Structures are given as C-alpha cells and as structure tokens.
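What follows is each chain in one-letter form.
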Amino acid sequence: MEKFKQNPIVKKIGFNRIVLIGVLILMYFLFGALCAAMGRASFFTLARVYSAMNYAYFMGFLAIGVTFVIATGGIDFSIGPVMFCSALISGYMLTKQNVPLIVCLIVSIIVGTIFGLINGYLVAYLDMPSFITSMASMMLAKGIGSAYTKTQSVSWPQGTEAAGWYRNLVKIGNGSAAIPTGLIILAIASIIFAIILNKTKAGRYILCLGSNKEAVRLSGVDVRIWEALAYILCGMLAGIAAIFYVGAYTTVQPGMGDTFNNEAIASCVMGGTSMSGGIASIAGTFIGVLIIAMLQEGILAMGFQKDYQFVITGIIVILAVYADIRSRRRRN
Amino acid sequence: MGDIILTMKGIDKSFPGVHALDHVDLEVRKGEVLALMGENGAGKSTLMKVLTGIYKKDEGTITYEGKEIEFENPRAAQAAGVVIVHQELNMLSHLTVAQNIFIGREIMNGQIINDEKMNEESVKLFQKLGIEIDPKEKMGNLTVGKQQMCEIAKAISHDAKVIIFDEPSAALTEAEIEELFKIIRDLRDKGMGIVYISHRMDEIKVITDRVTVMRDGTYVGTLITKDCTKDDIINMMVGRVIYEDPKTQSAVAKDAPVVLKVEHLNAGKMVRDVSFELHKGEILGFSGLMGAGRTETARALFGADPKEGGDIYINGEKVTINTPMDAVNHGIGYLSEDRKRYGIVVGKSVAENTTMATLKEFMSGLFINKKKEDEVAWKYVESLKTKTPTVDTEVVNLSGGNQQKVVIAKWLTRNCDILIFDEPTRGIDVGAKSEIYTLMNELVAQGKSIIMISSEMTEVLRMSDRIVVMCEGRKTGEIDIAEATQENIMQLATQRN
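Quick summary incoming for the structure in this document. Here the structure is a predicted model, which is why all the values come from computation and not from measurement.

**Comments concerning the overall build of chain A**
For chain A, the helix and strand inventory stands at 13 helices and two strands. For 332 residues, the compact-globule estimate of 2.2 N^0.38 gives 20 Å, and chain A sits close to it at 20 Å. By its C-alpha atoms, chain A is 55 × 50 × 30 Å across when sized along the principal axes. By the burial criterion, 52% of the 332 residues in chain A qualify as buried. Put simply, 76% of the contacts in chain A that link residues at least 6 apart link residues at least 24 apart. With 24 positive and 12 negative side-chain charges, chain A shows a spacing of 8 Å between the two charge centroids.

Structure follows, in structure tokens:
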C-alpha cells in the first residue's frame, strides 16, 4: 500500500482521488447488481449515463463555485436557491416578457453574480459570518424568484421550439449518437477554474487567507477583495448552473433549491476540500459531483424516493468531514 | 506571621528545549502576603501551575498543611483550599454573579438549579469580604474591579487557605486597587497564606510582607519587604550575571538620517502619546514588561490596529498608514511576536510564504511564475541558511527558528527598509538565536533600520543602539546604549503614574 502511495503517477493524481474514482466505479457496478437483483430494468444503459450526467452538469458548476468559498474558510448555503432564482427570473423574461434568449442567459448569470456580490460584501467587508449571510441570501433568493414569477413555476422552451437551442449546451442530438456538450463544457470549466485556483494570484490568496487570514492581511494584502471574489465567482457559477439545470430539466419551481446546496457541499468535501479552509481541489470536487450524480441515478433506478439519497448523502458528508479532521490532526 | 502552610522544595520542570524551573523553593506562611517577583519568563506562572496541578513537576516536593501532596488538577487543588485568582478573569459575562461564583458546583434542588440559595450564599461571601455586589446582576455589567472581587469571593467560597493572585491589579483603577488591598489585608488577618504576583514595585512595598525573587527559572532569594529597598529587589530580579556581551556603543553615526518619525501616537489604552525616531542603520530596542504596550505600538504603527491619532513621517515625509497594506507600501515590514498566528501561513509552502507580500512581481501575465518564485525562495533559503528540504515544504514542518527565517525572507523579498522585529527570538533555540542576531546586524549594515521589541534584557542590551522603554502604554524613557544598564531600564519599565 505504502509503495503504491509513493508511486510517482499515483502521487501526481493524488491517492485520495484514485480512491474516489474507485468508489465511483464500484458504485456503478453495485447499483447495476442491485437493480438486477431487485428485478428492475438494467442499470447499464446509455440512457442512465446521460440521465446521471444531466444531474452532474448543474451540480458541477454549483460545486466548483462553493469550492472557492469553502477554500476561504467560509460557506455558502444560498447557491441552490440562487440557481433557481436565476432560472426563474430569466425563464419568466423569456417565456412571458418576450426577452431574447441570449439576453435571458446573460441575465441568469448576472442574477447569480449579484447574489455573490452581496454575500461577498457582507462577509469580506462587513465581517459577517458566512453561515448567517448565506442563510439570509438563500431566503432572499427564494422570495425574489418566487415574487418575480408570481409564484408560478416556469417552463423553459423544449428543444424543438425556436428558442430551444440553449439545450444544445447540455446535449446535441438524441440516443446513442448524442454529443454530451454539457460534459465537455463542464470539463473545460473545471480545468479553467482549477487553473484559477492553483496558478493565479486570486487562487493563491484565496487559499492562503483560508488558512490564515490575519497573516495574509499583515503581509500587506487586501484580503477583503480576494475573499469577496470567492463569493462572487460562486454566485456567478450558480447563475451558469441555472442554464444547465433548465437545459436538462426545463421546469423550475419557486421556493425550492436548498437540497442542492448540501449535495454541492458534499461533493467538495468528498473531493478533499477542507471545511476549515486553505485546502481545495477542483479535480476532487469534479469526481465528488460524479459520485453524487451516480448516487441520485442509482437510487432512482432502484425505484426508491429521493429521501434515501438524502440519507446516503448525509452519511457520506459525515464520513468525508471525519476523514478531513483526522488527516488534519495527524498533520499537526 | 504564622506557621508555614505551604512549602515547595526543589521543584524542577522541563519542557522540550526549555528548563523552565530549576530546583525552585517557595515557602508560604499563614497570615502573610508573599510577593513572587521576576522578569517575564522567570518562571513565576509555571511554578504556580505546578502547584495547582496544571503541570506535573519532574522533581521536588510540595508540602501543604504538613502533608506531602501532589494535586491532580486545579479542581483538586481548589478542593484542598489552594486557589488562583487569574489575571485574565474567567467569567461568563451573560450569567449572573452568583451563577459565576458557583459554576461547576451549582447548588441543586433535586435536578433543578437553586438560584435563590446561590444568591443567598453569594451575599454571605460578599459580607465576609465587606463588599456589596448584587448577586443577581449579570457579570458583564460589572466593572473589571468588581469582577475581580467576585473572583475572590469565588476563591474563598472554596474555603481557601492559600490564595494566589496573578497580577490582580493589572486592569484596576487606583480606587479599585485600594479596595483590593483592603480585602487582601483582611484575608491575611484571617490567617490565609497569600501569594501575590505583580510587576508593580510600589504595590509590593505596600501590600506584601516578604518577597521571593525568581530569575530564569531559578530561585534567587527571599527578602523581608520592610527591610529592603526597591533597588534591592530590582538587583535580584535582573541579577549581576550577563550571559552575552552587551553592546557598549551605538554603531549608528551621529548624523544618520531619520527614516521613521512617530509623533504622539495614540491607540486604545495601551498606546498613549508615544513618540520616537528611528535612524538609518539603527536597531532601536523597545523594552518594557509584559503589557507595556510595545506590541500594540508596533501594530498601530503598522496599521494592523486602528489608531486614534498621531503622525508618522517616513524619510521626513508625512504618510498615512491605515492598513498593513499602506505600511508595506511605505516599506515597513512587521515580524510578529506570534509567528503562527500573524507571521506565516503554516499550511502553505516556504515558497508561497516567501512571496506572500510580493506576489505581483512573480506574475507572468495572469499566472504565477512558479520557476521565478522558487528561485527567489531558494535564494533566501541559502542566504538565511533556512533548514528545509525543499521550498515546497509546508512551513508547519519547520522549526521555530526556521519559520522565523521564512518570515524574514518574506520582508526581504519585499525589500522593506524599516523592519519591526517583535520578539524575534521567542521560542527559538540558542543556535538559531545567534543566527537571527547576526542577520539583524547584517541588515542594518546594509542600511536597513530595525525596531526590535524584546522582553529579554540581555537581548535588548546586546542588539540595540538605543533603547525606548515603555510602561503602561506610555514611553517612560529613552536610553543610549552607552548608558544603558539592566537597572536603569528596569527602573523606567516600572515607572508608573
């Protein structure tokens, strides 16, 4: 085992990530076996894979965003409802107010970014605890989204309609010949944000201030800008996630979205991002998202309700946080 | 003075790398106030912690009421009647006075807490002390002085026979101190043994019967207070032995330009009207006792804490410093006394910490130029002789001295001309210490200027060209190194209003 850990290729990818990929593959076959044992339709179909990926796309953007916030040592509980708020406002504009699609997509991103700005300002400049501010903006997002659409749900256009081309962002074509554009975009976005986190000044300062904000401040760095930036990126990505959500599912209901927060945060923690800040991995988050999506799909395929998924996600979060704390204790 | 109630004999205690107590003796009698004195780090607090079971002693015996004992923990010590009134009050401000006094041993009525009974008992305690405090008042609403009284009430409620006061007067006003002394005399007259730890020379003369002096973890001696002078005590505290050669003459030219001038700096209670000048190539020592306001002065100057007033001139030009960023932009670097909290990011690498203040210069477009960053980090690892396997090693894995070098590298990379070294050798072993000293001398030889805050007298006398002494947030004097002695520094450091 030690020898395997010391292998240069293993070290490069990261032992924890290899374990996660192993878990992902194991889960796939486990769900397959369970479905077969329960006499349900086969889990090993392309349709199942696409369905799981639909869930992974929007979840991926949410999780990447919240990875930045957690890297600063903060938390954002508003991303799910902010995503829905974005989708509701822009969708209402598109379907009821005849605003062109491209403008609506931009509006979606702007709405998310505004929530990010609010959270970032309150946390970084007014020193409010992120736990509370993001709870508050979660309620704001739910209320505003719902008020804007007069508590109606919004159905974005189908792919066959004129304004339905946005769905190509998720998938082009149908059946086995379909191109999973969503996966390509998410993968590219993951790489870009991984580079931002690891290779740029913003990422460097975000990780450092997550580890010891006061030491960074006393080095003459304006920590507030960088801390706020993490929340702004997170909000912006929630706005982008909205596009991929409606691209996959078309319909959004007001007053919902909080369950996605927990799953996005769970993805981060599973992927090795430390809840106490300073350590974060976009690649880990990416794999974490795939696991969450697989879980969702597997539970569904077995014919269980979403509550089973909550139970399992809850257990996973506890295990992941426990592993994080243990490895931290060993380091000190 | 009565019989001996407590004897500590040959108490020895080592921590990794530090011999904190070297066969220390202490004797407390019934009905006396014994002062325990010594410089910062002399071992007073450690000795009291050994007594009350917070630390385990390595050697020695403690005899209490004629029996040899060793308390398992402070609770056991309390139960036996040995209690400490801490300098930092351990109070829960949102609970009532009575609830605080009886915390951990609430008077119960079955499973319900009996607040009424606790209030009654508190009143009885206050009556014993001859003071009046409403037991139903929230602790947070009381003045610090009254809170201290409650702490004392709590102590005597344990049926205390020995009470240790750890710098009780630090936060009190004159009137409150008067009242405190009245209570202490009262307790003494009731036959309790009292240990009084304080730096305030005048108080020692007023309130104590005997003085035991410690220095560098050793027992120096005990004097009868009324037969000795302040100077006798100071001489015992500083000792005649000087371990390292002090500087005899300033290395700074008489006409060296002033690089930093601070005028009438005010910030909170701990920085009151502080003015001083720093010359090019000078090491300006800041001496004083714990809580003299030296770190607070440095932090206010650096923009780390808000200021209420004061002017700062750099190279003759007036500047505004409101944040650390302003200070750094004006070429000031600050090495904190608390490295792990304020100096380095322990979870990050040597290279990342080195470029923390200068990241802008290591960018190639949008990206950090890792190669250039590593080169500079290596350059300083080599020139400062930092012991680290690679520059990618997390600084948490480095020793204290090497961590300090990483912080120094950070400011050297920034090319700061004014460096504030706040306790630069705290928690650093002897070898690394002299390396840091050599480095500081090299830096001033290169034309940089250093403000060095230090609680170690020998360090101050060895490194400084000039010494500013502070006491209670005020600058009480300035001494050229040629005239500086341990005695005159200590004199200024204890010169209170």
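Let us keep going from here.
**Observations regarding the overall build of chain B**
When its secondary structure is counted, chain B shows 17 helices and 24 strands. Expected size for 497 residues packed as a compact globule is a radius of gyration near 23 Å; at 25 Å, chain B falls within 12% of this value. Along the first, second and third principal axes, the C-alpha atoms of chain B reach 70 × 55 × 45 Å. By the burial criterion, 54% of the 497 residues in chain B qualify as buried. Relative to all contacts within chain B whose residues are 6 or more apart in sequence, the contacts with residues 24 or more apart total 65%. Separation of charge centres in chain B, based on 62 positive and 76 negative side chains, amounts to 1 Å.

**So, a nonpolar patch on the surface**
On the surface, I102, V103, I106, I110, I114, I118 and W165 of chain A cluster together into a nonpolar patch covering about 600 Å² of accessible area. Following the sequence through the fold, W165 of chain A ends up in the loop between β1 (154-155) and α8 (181-199).

**Here's the deal with the pattern of salt bridges**
Applying the stated criterion across every chain yields a total of 32 salt bridges over all chains. The salt bridge involving E297 of chain A is made with R48 of chain A; its shortest N-O contact spans 2.7 Å. Of this pair, E297 of chain A sits in helix α12 (residues 282-301) while R48 of chain A sits in helix α4 (residues 46-71), and the two are 249 residues apart along the sequence. On the accessibility criterion, E297 of chain A (2% relative accessible area) is buried. A single network of salt bridges, built from pairs that share partners, joins R204 of chain A together with E352, K370, E373, D374 and D392 of chain B.

**A few points about the packing of helix α6 (residues 101-125) of chain A against helix α10 (residues 223-249) of chain A**
All names here are of chain A. Their axes nearest at 7 Å, the elements α6 and α10 cross at an angle of 150°. Classified by the interaxial angle, the pair formed by α6 and α10 is roughly antiparallel. Note that α6 runs across α10; the crossing there is right-handed. When α6 is examined against α10, the residues L105, S108, I109, G112, T113, G116, L117, N119, G120, V123, A124 and Y125 are found in contact with a partner set consisting of R224, I225, E227, A228, Y231, I232, G235, M236, G239, I240, A242 and I243. The class makeup of the residues in the contact of α6 with α10 is 14 nonpolar, eight polar and two charged.

**Concerning the sheet that holds strand β6 (residues 82-85) of chain B**
All names here are of chain B. Taken together, six strands build an open sheet; the order of strands is β6-β9-β10-β3-β11-β12 and the sheet is mixed. Every other strand in the sheet has two partners, leaving β6 and β12 (218-224) as the edge strands with one partner each. Shown here is a sheet whose adjacent strand axes are inclined to one another by a mean of 20°, direction ignored. As paired strands, strand β3 (residues 32-37) and strand β10 (residues 193-197) are joined by five bridges and run parallel to one another. If you follow V33 over to β10, its bridge partner there is I194.

**Quick word on the interface of chain A and chain B**
One widely used convention gives an interface's size as the accessible area the parts lose upon coming together. Listed as interface residues are 22 residues of chain A and, on the opposing side, 30 residues of chain B. Roughly 2100 Å² is buried in total at the junction of chain A and chain B, and carbon and sulfur atoms are behind 58% of that figure. It is R204, L218 and S219 of chain A that lose the most area in chain A upon contact with chain B, and together they represent 31% of the buried surface on that side. The interface formed by chain A and chain B includes three salt bridges. We note a salt bridge from R204 of chain A to E373 of chain B, for which the minimum N-O separation is 2.7 Å. At the junction of chain A with chain B, the criterion picks out ten residue pairs in polar contact (both at pLDDT 80 or more). Those elements that provide at least two residues to the side of chain A that touches chain B are α8 and α9 (201-217) of chain A. Element by element, the count of residues in the side of chain A that touches chain B is highest for α9 of chain A, at eleven residues. Partitioned by chemical class, the residues of the side of chain A that touches chain B number eight nonpolar, seven polar and seven charged.

**Brief notes about the packing of helix α8 (residues 230-238) of chain B against helix α17 (residues 486-493) of chain B**
Residue and element names in this part refer to chain B. Packing of α8 against α17 leaves a shortest axis separation of 10 Å and a crossing angle of 115°. At the point where α8 passes α17, the crossing takes the right-handed sense. Along the contact surface, α8 presents K230, D231, I234, N235, M237 and V238, while α17 presents Q486, E487, M490 and Q491. For the contact of α8 with α17, the class distribution of residues is four nonpolar, three polar and three charged.

**Overview of the sheet that holds strand β16 (residues 309-314) of chain B**
Strand-to-strand pairing in sheets goes through backbone hydrogen bonds, with the strands running parallel or antiparallel. Residues and elements named next belong to chain B. On the basis of which strands lie adjacent, the open sheet formed by four strands has the order β14-β13-β16-β17 and antiparallel pairing. Of all the strands in the sheet, just β14 (271-279) and β17 (317-319) have a single pairing partner and so form its edges. Pairwise comparison of adjacent strand axes, ignoring direction, gives a mean angle of 20° for this sheet. Sitting on the sheet, helix α9 (residues 294-302) touches β13 (258-267), β14 and β16, and the angle it makes with β13 is about 110°.

**Side note on the packing of aromatic side chains**
All names here are of chain A. For the structure shown, the criterion picks out 29 aromatic pairs over all chains. Judged by centre distance (5.8 Å) and plane angle (50°), the rings of F31 and F43 are tilted. Placement of the pair is F31 in helix α3 (residues 15-37) and F43 in the loop between α3 and α4, with a sequence separation of twelve residues. According to the relative accessible area criterion, F31 is buried, its value standing at 6%. In this structure F43 comes out as buried when scored by relative accessible area, which is 2%. Judged by centre distance (5.6 Å) and plane angle (15°), the ring pair of Y121 and Y125 falls under stacked. A residue pair is termed a helical-turn pair when its members lie 3 or 4 positions apart in one helix, as Y121 and Y125 do in helix α6 at four residues. The class for Y121 is partly exposed, based on a relative accessible area of 45%. When its relative accessible area of 33% is taken as the criterion, Y125 is described as partly exposed. By the ring-pair criterion, three or more aromatic residues cluster together here, those being Y55, F58, F84, Y245, Y249 and F260.

**Here we look at empty space enclosed by the protein**
Residues and elements named next belong to chain B. A full pass over the atoms with the stated rule returns four cavities of 30 Å³ or more. There is about 80 Å³ of room inside the largest cavity. Contributing to the lining of the largest cavity are eleven residues, with E39, G288, L289, S455 and M457 lying nearest its centre. Among the elements that line the lining of the largest cavity, the one with the most residues is α17, at three residues. For the lining of the largest cavity, the class distribution of residues is five nonpolar, four polar and two charged.

Reading guide: rules and limits
- Residues numbered from 1 in each chain as written.
- Chains lettered and ligands numbered in written order.
- Predicted model: local features only at pLDDT ≥ 70, side-chain atom pairs only at ≥ 80, totals over all residues.
- Heavy atoms only, no water.
- Helix = DSSP H or I, 4+ residues; strand = E, 2+ residues; numbered from the N terminus.
- Rg over C-alpha atoms; globule rule 2.2 N^0.38 Å.
- Buried < 20%, exposed > 50% of the residue type's maximum accessible area, 1.4 Å probe, protein only.
- Contact = heavy atoms within 4.5 Å.
- Lys, Arg positive; Asp, Glu negative; His and termini not counted.
- Charge placed at Lys NZ, Arg CZ, Asp CG, Glu CD.
- Patch = residues over 30% accessible without salt bridge, like charges linked within 9 Å, V, L, I, M, F, W, Y side chains within 5 Å.
- Areas by Shrake-Rupley, 256 points an atom, 1.4 Å probe, with all protein chains shown as cover.
- Salt bridge = Lys/Arg side-chain N within 4 Å of Asp/Glu carboxyl O.
- Axes fitted to C-alpha atoms, helices over the stretch in contact; angles between N-to-C directions.
- Parallel < 35°, antiparallel > 145°, perpendicular 65-115°, else oblique.
- Left-handed = near helix turned anticlockwise from the far one by under 90°.
- Nonpolar A, V, L, I, M, F, W, Y, C, P; charged D, E, K, R; others polar.
- Pairing = 2+ DSSP bridges.
- Buried area = accessible area lost by both parts, 1.4 Å probe.
- Polar contact = N/O pair within 3.5 Å; in protein donor to acceptor, adjacent residues only side chain to side chain.
- Phe/Tyr/Trp six-rings, centres within 6.5 Å; stacked < 30°, edge-to-face > 60°.
- 1 Å grid on protein atoms, 1.4 Å probe; cavity = no way out; pocket = protein on both sides within 12 Å on 5 of 7 lines; lining within 4 Å.
- Points joined across faces, edges and corners; volume = space filled by probe spheres on them.

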